[in-house]
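Chain residues, written in single-letter form:
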Amino acid sequence: MTAVEAVRPTSAPATPPRFLKRPKATDGVVGWLTTIDHKKIGILYGVTSFIFFLVGGFEALLIRLQLAQPNGNILTAQVYNQVFTMHGTTMVFLVIMPMSAAFFNYLIPLQIGAGDVAFPRLNAFSYWLYLLGGAFLYSSFLLGGAPNGGWFGYAPNTSITYSPGHNIDFWIFGLLILGIGSTASAANLIVTIINMRAPGMRLLRMPIFTWMALVANFLLLFAMPVITVALFLIMFDRQWGTHFFDPLAGGDPVLWQQLFWLFGHPEVYILVLPAMGIVSEVIPVFSRKPLFGYPVMVFSGVAIGFMGWGVWVHHMFAVGLGPVATSAFSVSTMLIAVPTGVKIFNWLGTMWGGSIRFKTSMHFAMGFVVMFTIGGLSGVTHALVPADRQQTDSYYVVAHFHYVLFGGSILGIFSGIYYWYPKVFGKMLDEKLGKWHFWVTLIGFNVAFGPMHILGLQGMPRRIYTYSASMGWNFWNFVSTIGAFTIAAGTLIFIYNVRKTDRHGAPAPDDPWDARTIEWITPNPTPEYNFIETPQISHQDEFWHLKYAEDDDGRLVKIGESPDFIQRRARPDEHIHMPSPSYWPLVAAFGLPVIGYGQVYRLWGISIVGLIILLSGIYAWGLEPSTEPPDPEYPEEAGGDHAQHELAEPETQLELTPAAETTDG
Amino acid sequence: MAELTAHGAHPPSAAHATATGISNAKMGMWAFLGSECLLFGALISTYILYRHKAVSGPTPHQLYDIPFTSVSSFVLLMSSLTMVLAVSAIQRGDERRLRVWLATTALLGSVFIAGQIYEFTSFIRRGMTIKTNVTSGAFYVMTGFHGVHVTIGIVMLLSLVNLSVRGKLPQSKAEVVEIAGLYWHFVDIVWIIIFTVVYLIH
């Protein structure tokens, strides 16, 4: 291509002025800070959220220590409020959502046969907003006290009258920052899934994890603006003197609950649908059977996505919204159990008659199915309004949502970690330690949260920092605390397993589980360019159909060995031109917490500095090309178009609408 | 141009082949606008909830100057027309008219924003601030959010004019203008809803 060569010299002066030289390194600290590779961003999400998981877990242990005995005095009431608020906020916004995002980022492009996500730099921007937003929230501990209004921050308790400190302000701006990142990420991943599928990857051939990710990201896209508005209203109440949640001035505190739970209930499915997707990948692989009723699984996931918008009032039955609203939402809450139940039966149907291999990943998947069923059943009991009136704000509710979020989401995520670890890191986690991890966690989990059902029905309210010995809650609280520390022991086993694998683990084979989906036709760990050749898809479970067929009697016949299908480079020394890393997503993201600090302390100068950082970051990002011209060091690049046409979709067209990308709220 | 070199390795038409045929950037904008619907939906619902809940006056309904706001709404509506003309100009490769219509759109948007600033200051002078009552708070937050969106749109339009002046917005990038237009029309439609529901229906 001599034409290309000819253009380059004349084009050089037109390059926009640079404040920072375009980074080239893809390793080391700069490499991680400037990466736009969906796989590295996925790893960043995973590692960061695991650290927050440990922090949130530490907060949980503090809570359990305080409640282990009556009249506990480990924490004061004030600190206790901060700890349980940050435990909930951390586990929802800084652990389960970003851990799911880790799987989304790493796996979606690989499962649909793409080179990267649709907007790689926007993807990096979302990650940095997550990290900086989390750091912003936690900095409140050092700056006078963490948020203390509960993870759902009910008005009017969060008003300036009842919460005069900066605690709630940190919560408001922290969640706003995280919300912008989540919305951008959701739009990015939705476009990726719909638009970047490999040829032949029709919607009903997509891996089920990608399907559940699509539903979860649509929920995110539509749920985040609702909480954004709620947070802005409370912010205006606190800082501008409006009266949105002030009953004396005609404001309605129930509006906060409506807006919060209109976000909050879809949020529940945002937290659990990705784990459902993971388990739906793991169970077929280890049962050596296709997913039972794949289309039904897809449609029940979509049905959950729609119905998830029509059940939020069951969080508010105790408010007294009248018999009509209450009955309608009672019925819809019972109905949403149907698609969830369909999924549970399909997982059982997949295992039924399969030749099950009891690997650690499968243990966690089966643990998910059983524990999630328990959590689902206790959830349906909330649909019965008279029963719910008894359960509201009691430990029964705490038990219920830990069964869905820990027994569901976290067990599902661990299943995914054991399953895809070789894909990501090229080594196999130790199976024996993995099974220890599973059993200790499962037993600890049930010991910790099972008794909370009993405590709740005995009348123990949520969020109390201590209780008197005469209440009769001593025994089960003590048991629960033992369970919490057992979970911590299980987590330590996992950390030890990762460390051991990292140091001494044997390299993983390329297809260690005899998998079904096409992410496994790339070598382990995945090379930075993903696929050398875009896969052509002709089946659901494409990889499986490359390896197996059925004979006339319906028996499985092996028709190919997996190594034959793994995409390897013919010339390993060949240089492949990748989209260039960039500083600007990080710079732009850095502006938002600066704006946040300025707003928390009402220092407009700082906020304006933050705004300037944000806007300059976005403009520099918009003006730089997504891919730098080929490096003269590799002259062959400009001439050959090998592999380049398969690589990530450049962002060139968005570059001219920089403001639009980041203006949500 | 730097971009040309970067993409020189593959033909421009093949570079954006997507599974649906819609470019990523355009679909991304649609997704973003979907999210924005919920944002304005929640803001408008809040206003509707609070429109008769003020315990002390004055309320927006006592102060609205419907003829004035009708004119500024008309100006904003006309900016959608000039936006369409801008898209049509770049699709025909007429860069001069592109700049004219983009600048006109930005100007009409600015007139609308000026009208909003005038409206806010006149309301404040007549004793209705954001603190006065729940209705005034809901009114200022909702229309303020909309005003910020229009302002971002104006910045976007002026950036496009600037790029075009520097010769960086050729006919081949017509879709960029089209995508900016999607945003602009969306903000316009939101205003039609606000004007109808908030100003006209009492």
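This structure is a prediction, so every number in the text was calculated from the model and none was measured.

A. The arrangement of the nonpolar core in detail. Residues and elements named next belong to chain A. Leu129, Ile190, Ala230, Leu259 and Val279 are the most contacted members of the largest nonpolar core, which has 236 residues in total. Broken down by element, the residue count for this core peaks at 24 residues, all from helix H7 (residues 208–240). Looking at this core, you find at least three residues from each of domain 1 (1–209 + 582–665) and domain 2 (252–477 + 493–506). Dropping the residues within four chain positions of it, Leu129 is found in contact with Ile177, Leu178, Ile180, Gly181, Ala589 and Leu592.

B. Layout of the domain arrangement of chain A. Residue and element names in this part refer to chain A. Each assigned domain of chain A is listed here: domain 1 (1–209 + 582–665) and domain 2 (252–477 + 493–506). Mapped by element, the contributors of at least two residues to the side of domain 1 that touches domain 2 are helix H3 (38–67), helix H4 (77–112) and H7. Ranked by residues supplied to the side of domain 1 that touches domain 2, first place goes to H4 with 11 residues. For the side of domain 1 that touches domain 2, a count of residues per class yields 23 nonpolar, 6 polar and no charged.

C. Focus on unusual backbone geometry. Cis rather than trans, the peptide bond between Ala155 of chain A and Pro156 of chain A has omega equal to 0°. You can see Pro156 of chain A is positioned in the loop between helix H5 (120–139) and helix H6 (167–195). With an omega of -10°, the peptide bond running from Gly57 of chain B to Pro58 of chain B counts as cis. Not every positive phi belongs to a glycine, and Asp393 of chain A is a case in point at roughly 60°. Relative to the helices and strands, Asp393 of chain A is located in the loop between helix H12 (385–391) and helix H13 (395–425). The backbone of Asp514 of chain A shows a phi angle near 55°, a positive value even though the residue is not glycine. Asp514 of chain A sits in the partly exposed class, given 16 other C-beta atoms within 10 Å.

D. Examining H7 of chain A more closely. All names here are of chain A. Taking 1.5 Å of rise per residue, 33 residues should cover 48 Å, and H7 covers 47 Å from first to last C-alpha, within 8% of that figure. For H7, the tally of buried residues reaches 30 of 33 residues, placing the bulk of the element in the interior. One or two steps after H7, the chain reaches Gly241, where phi turns positive at roughly 75°.

E. Looking closely at the packing of H6 of chain A against H7 of chain A. Residues and elements named next belong to chain A. Contact geometry for H6 and H7: axes closest at 8 Å, N-to-C directions at 150°. Classed by the angle they form, the pair H6 and H7 counts as roughly antiparallel. The element H6 and its partner H7 pack so that their crossing is left-handed. Here the residues of the contact of H6 with H7 are counted per class, giving 19 nonpolar, 6 polar and 2 charged.

How each quantity is defined
- Residues numbered from 1 in each chain as written.
- Chains lettered and ligands numbered in written order.
- Predicted model: local features only at pLDDT ≥ 70, side-chain atom pairs only at ≥ 80, totals over all residues.
- Core = buried A, V, L, I, M, F, W, Y, C linked by C-beta atoms within 7 Å.
- Buried ≥ 20, exposed ≤ 12 C-beta atoms within 10 Å, placed from the backbone.
- Helix = DSSP H or I, 4+ residues; strand = E, 2+ residues; numbered from the N terminus.
- Domains from an automatic or database assignment.
- Contact = placed C-beta atoms within 7 Å.
- Nonpolar A, V, L, I, M, F, W, Y, C, P; charged D, E, K, R; others polar.
- Expected span 1.5 Å × (residues − 1).
- Axes fitted to C-alpha atoms, helices over the stretch in contact; angles between N-to-C directions.
- Parallel < 35°, antiparallel > 145°, perpendicular 65-115°, else oblique.
- Left-handed = near helix turned anticlockwise from the far one by under 90°.

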